[in-house]
Amino acid sequence: MNRTMFYRTITTIVVMMCVALCAFAQKGLCINDVFEGKVVLKNQMQESLIKGENLASYKLKVLHTARFTTHNNNREEVEKLFYEDMKSRLSDDDENMEMESRNGHLYYAIVQLTDSEKGAHRFICYQCKDNDRRYDITLVYMEGSASLADLRKTFKKK
Amino acid sequence: MFNNMKRVTSENVQEHLARYMEGNSTQEELRLLKEYFGNTKDLPAELRPYAQMFAVLEDKPQTPSVEALNRFAGGQVPARRQRVRLWPLVAAACIAAFAVIFLTPPKHEENMAIAYVDGKMITNQAQAMQMGQEALQEIFSNGSEEEQLTDLFNAK
C-alpha cells in the first residue's frame, strides 16, 4: 500500500466514524414530537422541563413533562409514538416496566428504556384518562441514575 | 438547419455566403461552397474574390506548433504545476476534530427549571418543579389496588 492509499484509507475511516457518531447523537425518541408541539400545539399544553441540581434528590438529571387534554385522534397518535419508543425498552420485567390498558387503549405505562450512551437510566411514562369524550394525557421523560424502584418510592402517593 | 440548400448554385450562393460570413455554416456547407467556387468557371465579377478566398481556405484551421507557441510566449515555458496533496490535510483535520471532541472536558450539567402554561413561559423554578412532581405523582399513583395495598402494608 503506497502512502496515498494509506492516507485515503485513514481519512475514509475517520469520516465514516464522524458520520456514524453524528447519526447516533441525533437519535431521538418518537415522543419528542409531542414535546415539540407537533401533535398538540404547545400553547394547548402544560409543560415543565427541569435539568441539573434541582433533581439531584430524585437521582435524576432530566425531567420533561407534558400534560394536555385532547381528542381521540391525537390520543391515538401519542399512543402510537409511545408504543414506538417502547420498542427500546430495557425488558418486560416488572422491575423495568409497568403498564395497563383499558378498552384496547393504553391507560398508563412507566417504561425503562435502554440506557443512554452516557450510562444514564431513561424512562418514559404515559397516562391517559377519559374526560367526557376527551382525554387528559400526561407524558413524561426522565433520565438519571435512579431505578424504577427508586422512582416508585419517591413519587407514589401514600 | 439549412436543409433547403444542399447544393450551392448560382441562385443560392449569396445565401450560402451570408451564412458563411455570419459564422453559421457547417463543415459540409463550407465544403459545398469550396466545391462551387472551385468548379464554376464563369463566375460573376463580384464573386471572383470569394473563389480566390475559398481556394486557399483549408478544411480545418491550422493549429499552431509547440515551437510557435513557445515563441509567442517569449520562449518561456511555464514551470510544471505542483500537485497539492489534499488527503494528508483532510486526514489531519479529521483527527484534530476528533481530538477536540473527545479530549475536551465535559461541561457541567446545565441547571434549568422552566415551565410553559398556555404557551407562556414560567421561569419560577419552584412552580416548574411542582408541575413536574405533580405529573410524576399522577402517573406513579396508578397501578393495581392490590399493589398499592402491598406497598402501604410494607411501608408500615
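Placed above this text is the structure.
Criteria and cut-off values
Residues numbered from 1 in each chain as written. Chains lettered and ligands numbered in written order. Predicted model: local features only at pLDDT ≥ 70, side-chain atom pairs only at ≥ 80, totals over all residues. Pairing = 2+ DSSP bridges. Helix = DSSP H or I, 4+ residues; strand = E, 2+ residues; numbered from the N terminus. Axes fitted to C-alpha atoms, helices over the stretch in contact; angles between N-to-C directions. Contact = placed C-beta atoms within 7 Å. Nonpolar A, V, L, I, M, F, W, Y, C, P; charged D, E, K, R; others polar. Parallel < 35°, antiparallel > 145°, perpendicular 65-115°, else oblique. Left-handed = near helix turned anticlockwise from the far one by under 90°.

A.B. asks: So what's going on with the sheet that holds strand S1 (residues 45–51) of chain A? Residues and values would help.
C.D. replies: For sheets, the rule is that strands pair by backbone hydrogen bonds, running either parallel or antiparallel. The strand order across the open sheet built from eight strands is S3(A)-S4(A)-S5(A)-S6(A)-S2(A)-S1(A)-S1(B)-S2(B), with neighbouring strands paired in antiparallel fashion. If you trace the sheet from one side to the other, it starts and ends with strand S3 (97–102) of chain A together with strand S2 (120–122) of chain B, each paired once. When strand polarity is set aside, the average angle formed by the axes of neighbouring strands in this sheet is 10°. Alignment of strand S4 (residues 105–113) of chain A against strand S5 (residues 121–131) of chain A, held across six bridges, turns out to be antiparallel. Its bridge partner lying in S5 of chain A, Tyr108 of chain A is registered against Gln127 of chain A. In this fold helix H3 (residues 72–86) of chain A packs onto strand S2 (60–70), S4, S5 and strand S6 (134–144) of chain A, with an angle of close to 30° to the strand it touches most, S4 of chain A.

A.B. asks: Tell me what's going on with the interface of chain B and chain A, and back it up with residues and numbers.
C.D. replies: Between chain B and chain A, the contact holds 35 residues from the first and 37 residues from the second. Sorting the residues of the side of chain B that touches chain A by element identifies helix H5 (87–103), strand S1 (112–117), helix H6 (125–140) and helix H7 (145–155) of chain B as the ones contributing at least two each. Per-element accounting of the side of chain B that touches chain A gives the leading share, 11 residues, to H6 of chain B. Residue composition of the side of chain B that touches chain A, grouped by class: 22 nonpolar, eight polar and five charged. Pairing of S1 of chain A with S1 of chain B, which is carried by six bridges, proceeds in the antiparallel orientation. Counterpart to Gln46 of chain A in the pairing with S1 of chain B is Val117 of chain B.

A.B. asks: For the packing of helix H2 (residues 27–39) of chain B against helix H3 (residues 48–56) of chain B, give the residues involved together with the corresponding values.
C.D. replies: The description of two helices packed together rests on the angle between their axes and the distance between the axes. Residues and elements named next belong to chain B. Relative to each other, H2 and H3 sit at 120°, their axes nearing to 9 Å. Comparing their axes, H3 and H2 come out oblique. With respect to the hand of their crossing, H2 and H3 are arranged in left-handed fashion. In this structure, H2 contributes Leu33, Lys34, Phe37 and Gly38 to the contact, and H3 contributes Tyr50, Ala51, Phe54 and Ala55.

So, to be careful, I would describe these as geometric facts and stop short of saying anything about function.
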